[in-house]
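What follows is each chain in one-letter form.
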Amino acid sequence: MSNQPLISIITPSFNQDRFIAAAIDSVLSQDYPHLECIVIDGGSTDETINVLRQYGDRIRWLSEPDRGQSHAVNKGWRMARGEILGWLNSDDTYRPGALQAMVNTFQLHPEVGGVYGDCDYISAAGEFLEKYETGPFDFETFFRTSRSPIPQPSMFIRRVVYEHVGPINEDLRLVMDWEYWLRVGLQYSILYLPQTLATYRVHGSSKSATESLRYGEETTRVYREMVAAAQLPLALRRYEKEGMNSVLLQASKYAFDGAQLSEARHYLLEAWKIRPFHLRRCMPKIFFVSFLGQRGWKTWMRFRRWRGAKLGVFETMT
């Protein structure tokens, strides 16, 4: 790459007029001048278009019906001219200095295909909530545990990676980033930069809040397709059961958090069939409540009190 490679930031948007200006401003206010900001709007019916017009030729944008977020990002990346590609949702933001720090890392490590950093969860009002749990990337650990350390807003890839790996899977609505990092990590090195690069906004109308029940269906389908693919290295095949167990347990938790107890029970039983007794901390609560309802909740609370007394600690009853 040249000393100042062009960065293309794609922002998919639909009816996010109260947040999109903050997202765009966080791109345009970076101390890295060689960038393009592209907004792909899905035909918003709120004030989004008026907000976009205010930026004049400082951004590129289009507004037309699309097939969802993945389709919008793919359209933007096809339009992009940059050597480095980023994806910033319309309710998220970059921290000051994020793009320069990311470019520096790419230039110091020409062997890597992707770079990501830390990320802060923020409220609808922009207030800090907590840190996103992240850390160094290890593909084997990702495959075995189904836990991605990569916050989507703080991930950047080289254009050649996109051209080789291909577009985002448009059949996915919730876990398209998770699935894409799996595909990228299978073929390229991904480097962790221990610096906060972005924020992830948590609010009631976000997809992760309103459609989380699709999580289990999508993650289990993606994982099954991946282990069936011929290009999966033989060294990873020994972790198929462990990885599938982890995906099912996580799907059970998502269903439980969405108050879908039958689905939570289904995923928990499927995980049990693969690896009996291999459970995460939250699983006993899901077991008691999803099978026994109110009686199970009371049983769970008695279990917690017993465990707290046994350990000599006080536990809050959540």
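Just above sits the structure.
What you are looking at is a predicted structure, and each value in this text was computed from that prediction instead of being measured.

### Section: the pattern of salt bridges
Taken as a whole and judged by the stated rule, the model has twelve salt bridges. Glu242 serves as the salt-bridge partner of Arg144, at 3.1 Å between the closest nitrogen and oxygen. Of this pair, Arg144 sits in helix α5 (residues 139-145) while Glu242 sits in helix α11 (residues 240-257), and the two are 98 residues apart along the sequence. Its relative accessible area of 18% is what places Glu242 among the buried residues. Residues Arg183 and Glu179 are paired through a salt bridge, measuring 2.9 Å at the closest nitrogen-oxygen approach. One end of the pair, Arg183, and the other, Glu179, are both in helix α7 (residues 176-187), four residues apart, so they sit about a helical turn from each other. For Glu179, a relative accessible area of 10% translates into the label buried. Taken together, the shared-partner salt bridges in this structure form one network comprising Glu36, Arg60 and Arg81.

### Description of the layout of surface pockets
Roughly 200 Å³ of internal volume is contained in the second largest pocket. Lining the second largest pocket, in full, are Asn169, Glu179, Leu182, Arg183, Leu186, Gln187, Val222, Glu225, Met226, Ala229, Gln231 and Leu232. At five residues, α7 tops the list of elements feeding residues into the lining of the second largest pocket. Here the residues of the lining of the second largest pocket are counted per class, giving six nonpolar, three polar and three charged.

### Remarks on empty space enclosed by the protein
Here the structure, examined in full by the defined rule, presents one cavity of 30 Å³ or more. For the largest cavity, the calculated volume is near 30 Å³. Counting residues per element, the ones that place at least two in the lining of the largest cavity are β4 (84-87) and β8 (155-158). Residue classes in the lining of the largest cavity are distributed as seven nonpolar, one polar and no charged.

### Overview of the packing of α7 against helix α9 (residues 215-228)
Here α7 crosses α9 at 20°, and the two axes come no closer than 10 Å. Comparing their axes, α9 and α7 come out roughly parallel. Crossing of α7 over α9 shows right-handed handedness. Within the contact between the two elements, α7 uses Trp178, Glu179, Leu182 and Leu186 and α9 uses Thr219, Val222 and Met226. The residue inventory of the contact of α7 with α9, partitioned by class, reads five nonpolar, one polar and one charged.

### Regarding the pairing of strand β1 (residues 7-13)
Two faces make up the sheet, and in a regular strand the side chains alternate between them. Most of β1 is tucked away: seven of the seven residues are buried. Side-chain alternation along β1 places Ile7, Ile9, Thr11 and Ser13 on one buried face and Ser8, Ile10 and Pro12 on a second face that is also buried. As defined by bridge partners, β1 adjoins strand β2 (residues 35-41) across seven bridges and the pair is classed as parallel. Paired with Pro12 across the bridge in β2 is Ile40. Handedness of the crossover is the feature at issue here: the chain leaves β1, passes through helix α1 (residues 20-28), returns alongside β2, and the resulting connection is right-handed. Pairing of β1 with β4, which is carried by four bridges, proceeds in the parallel orientation. Of the residues in β4, the one forming a bridge with Ile7 is Ile84.

The rules behind each value
Residues numbered from 1 in each chain as written. Predicted model: local features only at pLDDT ≥ 70, side-chain atom pairs only at ≥ 80, totals over all residues. Heavy atoms only, no water. Salt bridge = Lys/Arg side-chain N within 4 Å of Asp/Glu carboxyl O. Helix = DSSP H or I, 4+ residues; strand = E, 2+ residues; numbered from the N terminus. Buried < 20%, exposed > 50% of the residue type's maximum accessible area, 1.4 Å probe, protein only. 1 Å grid on protein atoms, 1.4 Å probe; cavity = no way out; pocket = protein on both sides within 12 Å on 5 of 7 lines; lining within 4 Å. Points joined across faces, edges and corners; volume = space filled by probe spheres on them. Nonpolar A, V, L, I, M, F, W, Y, C, P; charged D, E, K, R; others polar. Axes fitted to C-alpha atoms, helices over the stretch in contact; angles between N-to-C directions. Parallel < 35°, antiparallel > 145°, perpendicular 65-115°, else oblique. Left-handed = near helix turned anticlockwise from the far one by under 90°. Contact = heavy atoms within 4.5 Å. Pairing = 2+ DSSP bridges. Right-handed = clockwise from strand over helix to strand, strands pointing away.

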